[in-house]
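# Residue-level structural notes
Okay, here's what each chain looks like letter by letter:
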Amino acid sequence: MAGLYSSSRPTSSSSSSSSFASSSSFQTFASRLLLLLTVLPLTLAAFAFVLQWRGGLNDPVTRWSPDRHEFPGMIGMVQTGGPQRQALRSSGSDCVDVLGRSHSPAFPYYKDWKFDYASDLRPKISIQTSTSAGLEQTLPWIFYHKVIGVTNFFLFVEGKAASPKVSKVLETIPGVKVIYRTKELEEQQAKSRIWNETWLSSFFYKPCNYELFVKQSLNMEMAIVMAREAGMDWIIHLDTDELIYPAGTHEYSLRQLLSDVPGNVDIVIFPNYESSVEHDDIKEPFSEVSMFKKNYDHLPKDVYFGNYKEATRGNPNYFLTYGNGKSAARIQDHLRPNGAHRWHNYMKTPNEIKLDEAAVLHYTYPKFSDLTSRRDRCGCKPTKDDVKRCFMLEFDRAAFIIASTATEEEMLSWYRERIVWTDKTLNLKLQRKGILTRIYAPMVIIQGLRESGVFSLVIASAAQTNLSKNQFLSLVESSNSSRESTSGAITSRKIGKLIDSQATARRVLEFTDDASHPLAVPPLSPPGLDEDDFQIDVQLSSKSQ
């Protein structure tokens, strides 16, 4: 027994030693594995951070999310940087901050967008305008509408817009056609059939707004031909202080909005909303204004008339300027303008619809300098009788008189009282009533474009493009023509002089069939407050409820 016992002790000791060594080895392995599992994710995270910081990694969550919706033009841009981006990198054009490019973008998602759309996207939408605005207004206007689906732009330029520095940039943008007000253009427009018809005749040979209205109509007529040659499906006349607001669409897309329009509809009317600025020091209206006054067509009658006086704030009308919106026309045979706000057809009465949610955002007198800019463009006397020759709407007349007769301090006081919405209590009340509304989408889109460097990219690319001799001479000629036009010469009357005589034109007008050519639709104020009509409307509204 003792022998057996003594022989068994060494065996037990050896087993215990082996077990301890195995346990120690396992602990070492576990420690190393834990260290590896800790270090590896940190290393991968650091690597991913470095790649993303250098611009080499896309966010997989947003890239492959099933809920991700792309605006028109985004597809395929990650792979195609494009020559313009290479030009920007090599030009040192980061110093170009004309439109406030951010050096550390907070919203960089537009930097790889493709704004030159593929030819198979339908419907193809064009916008036509007559403008003298600079790049600080025109570039955000163009690219905002590119984002929502507009493919082509026909810009009839003069003044600052026709200057070599501005027009050179505009000509480099894909889908933009720049048309200068040259002598040849005026001679061509002098042959228009419009001069021998009555629908626009009441606006002929008058200054300022009337002259502009005729010029816009003549330009719209030419733009129809250009749009058709470019294969467009729709055309819209829009000023550069207006933005289309495609509310009611899933993707915030004008293309989707118009693609849903029935095929038998010829004209789509966008009621306009008017900007309601809250400060007197606005510099960039598209990026700073978010409050708008709704159109009569988008409000219940009892709400509109019941709050009319508070919404008007002592001004001549509910809106400062026009209230009858703008329209889009389907490109087809015999299409013609019907003034700056509508389209018509020589051979039929167009089928029109008015949109219930979408609108045109009109940035009306958003900057204090707008008072003097309008004054400087017109040579009328600042009297109640004479301003009627120049302006169609009451507020424009009042603004012109103030800008022509008051001191700087008096003008600023008038501007704050009549245009700036400083009463926050009233603002909140009218927002709750639905008369005022907040709209942020254009502000976000344009700020995103600016921070992504899109505007600076266009300017830098244009700076590297050498103009040919013919292009340069054309720009100089157009610039001279524009200066002549803005120095007091009346374009509509100048064009009229190219016709044999006004008397001959008038004789032709007398024999034109008015019934087949409805009169042009001028800028119209929204419905005014008539107490009798208001009571009837409220009673009818109460009964219907």
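This write-up is about the structure you can find in this document.

Calculation notes
Residues numbered from 1 in each chain as written. Predicted model: local features only at pLDDT ≥ 70, side-chain atom pairs only at ≥ 80, totals over all residues. Heavy atoms only, no water. Core = buried A, V, L, I, M, F, W, Y, C linked by side-chain atoms within 4.5 Å. Buried < 20%, exposed > 50% of the residue type's maximum accessible area, 1.4 Å probe, protein only. Helix = DSSP H or I, 4+ residues; strand = E, 2+ residues; numbered from the N terminus. Contact = heavy atoms within 4.5 Å. Expected span 1.5 Å × (residues − 1). Pairing = 2+ DSSP bridges. Axes fitted to C-alpha atoms, helices over the stretch in contact; angles between N-to-C directions. Parallel < 35°, antiparallel > 145°, perpendicular 65-115°, else oblique. Left-handed = near helix turned anticlockwise from the far one by under 90°. Nonpolar A, V, L, I, M, F, W, Y, C, P; charged D, E, K, R; others polar.

### A word on the nonpolar core
Counting 75 residues, the largest nonpolar core has L139, L254 and F270 as its most contacted members. With seven residues, helix 4 (residues 135-147) is the single largest residue contributor to this core. The contact partners of F270, leaving out residues within four places of it in the chain, are I244, L254, L257, G325, K326, A328, L355, A358, A359 and V360. Listed in part, the 18 residues of the second largest apolar core include F154, M220, M222 and M232.

### So, the environment of A227
With respect to the helices and strands, A227 occurs in helix 7 (residues 209-229). Look at A227 and you get buried, because its relative accessible area is 0%. Distance from A227 to K124, taken between C-alpha atoms, is 9.6 Å for residues 103 residues apart in sequence.

### Side note on helix 4
Given a rise of 1.5 Å per residue, 13 residues ought to cover 18 Å, and the 18 Å separating the end C-alpha atoms of helix 4 matches this to within 8%. For helix 4, the tally of buried residues reaches 11 of 13 residues, placing the bulk of the element in the interior.

### Description of the sheet that holds strand 9 (residues 326-330)
Spatial strand order, 3-2-1-4-9-6-12: seven strands in an open sheet with mixed pairing. Lying at the two open borders of the sheet, with one neighbouring strand each, are strand 3 (176-180) and strand 12 (352-354). Along the sheet, successive strands turn relative to each other by an average axial angle of 20°, direction set aside. With respect to the sheet, helix 4 is in contact with strand 1 (125-131), strand 2 (152-157) and strand 3, its orientation differing from that of strand 2 by roughly 160°. Here helix 5 (residues 164-171) sits on the sheet and contacts strand 2 and strand 3; the angle it forms with strand 3, its principal contact strand, is near 145°.

### Some thoughts on the packing of helix 14 (residues 394-405) against helix 15 (residues 408-418)
Across the interface, helix 14 lies against helix 15 with an axial gap of 10 Å and an inter-helix angle of 155°. The orientation of helix 14 relative to helix 15 falls into the category roughly antiparallel. Here the hand of the crossing between helix 14 and helix 15 comes out right-handed. Only M411, W414 and R418 of helix 15 make contact with helix 14, whose side of the interface consists of F395, A398, A399, I402 and A403. Grouping the constituent residues of the contact of helix 14 with helix 15 by class yields seven nonpolar, no polar and one charged.

Spatial relationships are all this shows, so hold off on functional conclusions.
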